[in-house]
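Chains, contacts and geometry: an overview
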Amino acid sequence: MPLHLKRLLLTGVVIVSLFLLLKHALTPDSFGQYGHYRGNSMGEIAALPIHFTGNKSCESCHDTIVTMKNEGYHSDLACEGCHGAGYLHIKNPKTEKLIKPNSREFCGKCHSINPARPEKAITQQNIKDHHPEDKCVKCHNPHQP
Amino acid sequence: MNPEFEHLYQALSKVDGFIYPNEIELSWSILIVLYPFITGLVAGAFILASLERVFNVKSLRPTYVIALLTSFAFLLVATMPLIFHLGQPLRAWEIMMTPHLTSAMAIFGFVYLWYLMIVLLLEIWFDYRYDLVLWARESTGVKKWLYKALALGSDDISPKSVKLDQKLGYIVTVIGIPSAFLLHGYVGFIFGSIKANPWWSTVMMPIIFLFSAMVSGIALVMLLFIIINKVRKQKIDMLCLDTIAKYLFYIIIIDFTMESLDQIHRFYEAEESFEIIQLLISGHLNFTLLVMQVGIGMFLPLTTLGILQFYKPAEKVRQLLYFITGVLVLIGIFFMRWNVVIGGQLFSKSFLGFTSFKLSLIGPEGFLMASIWLIVPFFILAFLLWLFPPWKKTEMEH
């Protein structure tokens, strides 16, 4: 075999070996343990702090508001869906306050007219024409709209 | 207004009829249009080169090396639009490191590598090795070392080893033809296998992509052949140019037939998706499909090339007509990719509504970004032509 072909073969072997070496070095150790992902990620994700605490934890202090919400149209919504994650507030209720969104755009996120949204399921309003000077919460109590 | 809401309201204003929330914004934009366009140029240019080498079309000899280098320059950039489309481009290598065997895209990485390393690089190397050795002897400085390194330090240009190179180069080209078919057929397969999208899901997709790739690749090499000769102030080999145009004409006929067959089949079957597709063609894709792709990109070139098969005007006129035809074909094929990629995302999979798409000028998915990835291969090609000038190569009998 001529010299250049020998060297070509050698180059090929070097490239393939380099690829396999890289593949070995860059593939995480626990990859493929359970499936096509890093096995260790299961534990890592499980160990993450929980940010959303759920309606029950809100109810333990704000029971009247939660009861009011549960009797209205928004009964299916989670408190934290509008107020944001509550884990810090539960730790320090006095210093860490939750958000109280009250802008027209925020309500419009669900209630503005959108043909992709079923009218029967969600009340929809043209938020540009419907009392544009006022905030929605002036007439509608978000906990019992 | 809060920018988050502004974005939502803007997006909703684009919607027409009923559409699922995840269909409002197109996730694949112009960079994904470029990906099949550039890959098609690679496969098409290579197939033109193989016409000379394997199918022995002698008159195409002057374009052989240009076609190979064009194919190589564009292949180096083919994955860049994909990588730049990713939200996390630095994770792109993971597709190669931990490939999922059921992922069509992961396997494309290997199809791409096979084509780059085994087919193109090897063919170019076998074709250039003799000259690399000669140029290493003649040159000085960095260039000398570069040529020497590229020739893998070997000085062997004995008739026996050169003959062996020719033989091996031929084998690589023979392997290269199905590989080029695989490379671009595969791009078509990625779209054709998406069964939820009636605009894409057709077994014809790989074949249509393949033939449109050949059309665009041949047109590009034809254009480059004219430009390179004009820049070098050389007389254009008209026999060669006429032959490229003849093959371009044949392939456009096949491509046109395949694409028409696909559409006729769709019209005659008239499945439940037919109504929305009809609205798509007559509405959102009206201009890009009927005017740009079919009218300007297919009908005009087909007519011009058809007439030129029977009537041969003066050389200058022919050159101009071939040049214009080449540009029109490239525009047409670009819009074919556009209509597939963008068109397939404009209608809702509920078949009840549309979204719309407006190309932005700047930004990661904008016109400027796409222009960069379309221009870069030409710079790479110019560099390759400077480093490995085909006109200084020793003429070898294939």
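Residues numbered from 1 in each chain as written. Chains lettered and ligands numbered in written order. Predicted model: local features only at pLDDT ≥ 70, side-chain atom pairs only at ≥ 80, totals over all residues. Heavy atoms only, no water.

**A word on the environment of B:Thr98**
Looking at the secondary structure, you find B:Thr98 in the loop between α5 (94–97) and α6 (104–138). On the basis of relative accessible area, B:Thr98 is assigned to the buried category, the value being 17%. In contact with B:Thr98, not counting residues within four places along its chain, are A:Lys23, A:Thr27, A:Phe31 and A:His36. (Helix = DSSP H or I, 4+ residues; strand = E, 2+ residues; numbered from the N terminus. Buried < 20%, exposed > 50% of the residue type's maximum accessible area, 1.4 Å probe, protein only. Contact = heavy atoms within 4.5 Å.)

**So, the packing of aromatic side chains**
All names here are of chain B. Applying the stated criterion across every chain, the model contains 26 aromatic pairs over all chains. Taking the centre distance of 5.7 Å and the plane angle of 75° together, the rings of Phe46 and Tyr115 count as edge-to-face. Taken together, the residues span a long stretch of sequence, with Phe46 in helix α2 (residues 30–53) and Tyr115 in helix α6 at a distance of 69 residues. Each of the two residues, Phe46 as well as Tyr115, counts as buried. Ring-pair connections join several aromatic residues into one group, and the members of that group are Tyr35, Phe108, Tyr112, Tyr186 and Phe189. In this structure, Lys349 packs its charged tip against the face of Phe347, placed 4.6 Å from the ring centre. (Phe/Tyr/Trp six-rings, centres within 6.5 Å; stacked < 30°, edge-to-face > 60°. Lys NZ or Arg CZ within 6 Å of the ring centre and 35° of its normal.)

**Quick word on unusual backbone geometry**
All names here are of chain B. At Asn56, a position not held by glycine, the phi torsion is positive, near 60°. Mapped onto the secondary structure, Asn56 falls in the loop between α2 and α3 (64–78). Using a relative accessible area of 47% as the deciding quantity, one classes Asn56 as partly exposed. Residues other than glycine seldom take positive phi values, yet Phe351 does so here, at roughly 65°. Considering the arrangement of structural elements, one finds Phe351 in the loop between α14 (343–346) and β2 (353–354).

**Description of the domain arrangement of chain B**
Residues and elements named next belong to chain B. Under the domain assignment used here, chain B contains domain 1 (32–193 + 361–398) and domain 2 (199–357). When each unit is reduced to the centre of its C-alpha atoms, the spacing between domain 1 and domain 2 is 23 Å. If you look at the interface, domain 1 gives 35 residues, while domain 2 gives 32 residues. Of the roughly 2,800 Å² buried at the junction of domain 1 and domain 2 (both faces included), carbon and sulfur atoms supply 87%. For the domain 1 face of the interface with domain 2, the top three residues by lost area are Val33, Phe37 and Phe191, together amounting to 22%. Where domain 1 meets domain 2, there are zero salt bridges. Of all elements in the fold, only α2, α3, α8 (159–192) and α15 (367–387) reach the threshold of two or more residues within the side of domain 1 that touches domain 2. The dominant element in the side of domain 1 that touches domain 2, judged by the number of residues it contributes, is α2, at 13 residues. Grouping the constituent residues of the side of domain 1 that touches domain 2 by class yields 26 nonpolar, nine polar and no charged. (Domains from an automatic or database assignment. Buried area = accessible area lost by both parts, 1.4 Å probe. Salt bridge = Lys/Arg side-chain N within 4 Å of Asp/Glu carboxyl O. Nonpolar A, V, L, I, M, F, W, Y, C, P; charged D, E, K, R; others polar.)

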